[in-house]
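# Close look at the chain arrangement
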Amino acid sequence: MGTRNGSISDRRKVLYIEDDIGSQRLVQRVLEKHDYEVLIAGEGLNGIDLARQASPHLILMDINLPGMNGREITTRLRALPNFNNTPIVALTANNSPGYRERALAAGCDGFLTKPIDISRFPREVGNYLQGHREELEQKEKLEHLKLHAEHLVERLESKVQELEQANKRLRDLDRMKSSFIALVSHELRTPLTLLEGYSHLLDEQLGYGEEEDYPPGVFNLVQGLDVGVKRISQVINEIINVSRIASGNLDLSIGPVRVNDLVANVAALHREALAARNLTLARDDLAHLPLIEGDGRQLRTALSNVVENAIKYTPDGGKIMITARPVGNAVDVVVTDTGIGIPVEEQRRIFDQFYVLEAIEHHSTSKSAFGGGGLGLGLAVTKGIIEAHSGRIWVESQRSDDIERPGSSFHLLLPLKQPRMARAFEEE
Ligand code: ADP
């Protein structure tokens, strides 16, 4: 390969979209000998990307390609702003009747056949670069354009069918996964109840007393067993909760809920974790807010998950704030932290089941350690509970940054009234 005429940037750039390696090499060798710079793409989408990035002076287009064929790629390229005038030349082994016309109707400027004639090929490419164009009569062009359009629609139809089938298969797999998870959690629940019972019995037999009432070393063993069993129980309950929510089987037991009490309860639940991490939790006096209709226990779980995350994703010494205000016929409960924040593009997905942002190595069994990831179920459970109350949940955060800590605000919008519920209680 030589650069006879000055610098590399002066060389004419040719993009060749071709899947056959033999043809790629041959064309590359021949054109490079004539001082062209040759870029190669093995299939259409990659070819379109490369064309956009490199802005070639000319494109050689194989027609029979895997995925999008050469005519489809040409039509697509012609629709892009910078490829109106770039010569696109079909280069194909198929010379059957109508083939050339259809390539030209799809937007090609010329039609060359393979195998290439080495002695003529560089000159032919040069001619197209200098403006040579093969054109069809108007009538012929319309006829072939119609065939091209029909073919495109046919291909689109079969792709849509393929996608629908793939989508159905994914949905089936997702259903299978969900019922497997539900089954496993229920199976685990039974032996766990036994374990809980024995752990309780053990404690009872040993006298429920202070540490000094236990035989040496036994207090720690009993405590360790208790903590472990409680944690497994929490995880399994979370999973069962998620599978109920996913299958729309969350039973709500609706009654009057005081937002002020709800917030106070949740704050109390996390008192120890907050103190251990030197975090302050500020909350407004919410006694003036109207009562809402809801399932108090489920709403506590929902809010508690959000506060637990605020604790996990706020570095020691930070601040968490819970506020609430009436908005139309609802109450907007907001948990704001001074933590690491959440990237905008992830803000929808964090509410999906099993979705965790951080690398799995950071997974931690702790419910309060800074940055310790969980199972990725907390927000899915919360969202399920809020939506079962016909409410809405979303997060506002500018970005994720563990140095500057932009923080996050989770909004839980809860309607005052539950739509399908008869007024089962008198307002106080
Ligand atoms: P996990 O059990 O992993 O905490 P969640 O469903 O509760 O799962 O949360 C999903 C992801 O959302 C978390 O892995 C975390 O990356 C992100 N996230 C949730 N809350 C916050 C928050 N307050 N600040 C920063 N990131 C958060």
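Residues numbered from 1 in each chain as written. Predicted model: local features only at pLDDT ≥ 70, side-chain atom pairs only at ≥ 80, totals over all residues. Heavy atoms only, no water.

When pLDDT is averaged along the protein chain, the result is 89, and 92% of the positions lie at 70 or above. Scored below 50 in pLDDT, residues 1-7 makes twelve contacts in the model with residues more than four places away or belonging to other chains. Counted against residues more than four places away or in other chains, residues 422-428, with its pLDDT under 50, gives eight contacts. (pLDDT = per-residue confidence, 0-100. Contact = heavy atoms within 4.5 Å.)

The next subject is the domain arrangement of the protein chain. A common way to state how big an interface is: give the accessible area lost once the parts meet. Annotation of the protein chain at the domain level lists domain 1 (8-136), domain 2 (159-247) and domain 3 (255-427). Here the C-alpha centroids of domain 1 and domain 3 sit 57 Å apart. (Domains from an automatic or database assignment.)

Turning our attention to the packing of helix α8 (residues 259-269) against helix α10 (residues 296-312). At a closest axis distance of 9 Å, the pairing of α8 and α10 adopts a crossing angle of 50 degrees. By the angle between their axes, α8 is oblique relative to α10. Handedness of the α8/α10 crossing: right-handed. Residues Leu 262, Val 263, Asn 265, Val 266 and Leu 269 of α8 touch α10, and the partners they reach there are Gly 296, Leu 299, Arg 300, Leu 303, Ser 304 and Val 307. Across the contact of α8 with α10, the residue classes break down as seven nonpolar, three polar and one charged. (Axes fitted to C-alpha atoms, helices over the stretch in contact; angles between N-to-C directions. Helix = DSSP H or I, 4+ residues; strand = E, 2+ residues; numbered from the N terminus. Parallel < 35°, antiparallel > 145°, perpendicular 65-115°, else oblique. Left-handed = near helix turned anticlockwise from the far one by under 90°. Nonpolar A, V, L, I, M, F, W, Y, C, P; charged D, E, K, R; others polar.)

Let us now look at the sheet that holds strand β4 (residues 88-92). As summarised here, the arrangement of the five strands in space is β2-β1-β3-β4-β5, forming an open sheet in which the pairing is parallel. Since the sheet does not close on itself, it has two edges, and those belong to β2 (37-41) and β5 (110-113), each with one partner. Sheet twist, expressed as the average angle between the axes of neighbouring strands with direction ignored, equals 25 degrees. The sheet contact formed by strand β1 (residues 13-17) and β2 spans five bridges and is parallel. Along β2, the bridge assignment pairs Tyr 16 with Ile 40. Helix α3 (residues 70-78) contacts β1, β3 (58-61) and β4 of the sheet and is inclined by roughly 155 degrees relative to β3. (Pairing = 2+ DSSP bridges.)

Moving on, we get to the packing of aromatic side chains. This model, assessed by the stated rule, comprises one aromatic pair. The lysine or arginine in question, Arg 71, covers the ring of Tyr 99, its NZ or CZ lying 5.4 Å from the ring centre. Of note, Arg 392 hangs over the ring of Trp 394, and the distance from its end group to the ring centre comes to 4.4 Å. (Phe/Tyr/Trp six-rings, centres within 6.5 Å; stacked < 30°, edge-to-face > 60°. Lys NZ or Arg CZ within 6 Å of the ring centre and 35° of its normal.)

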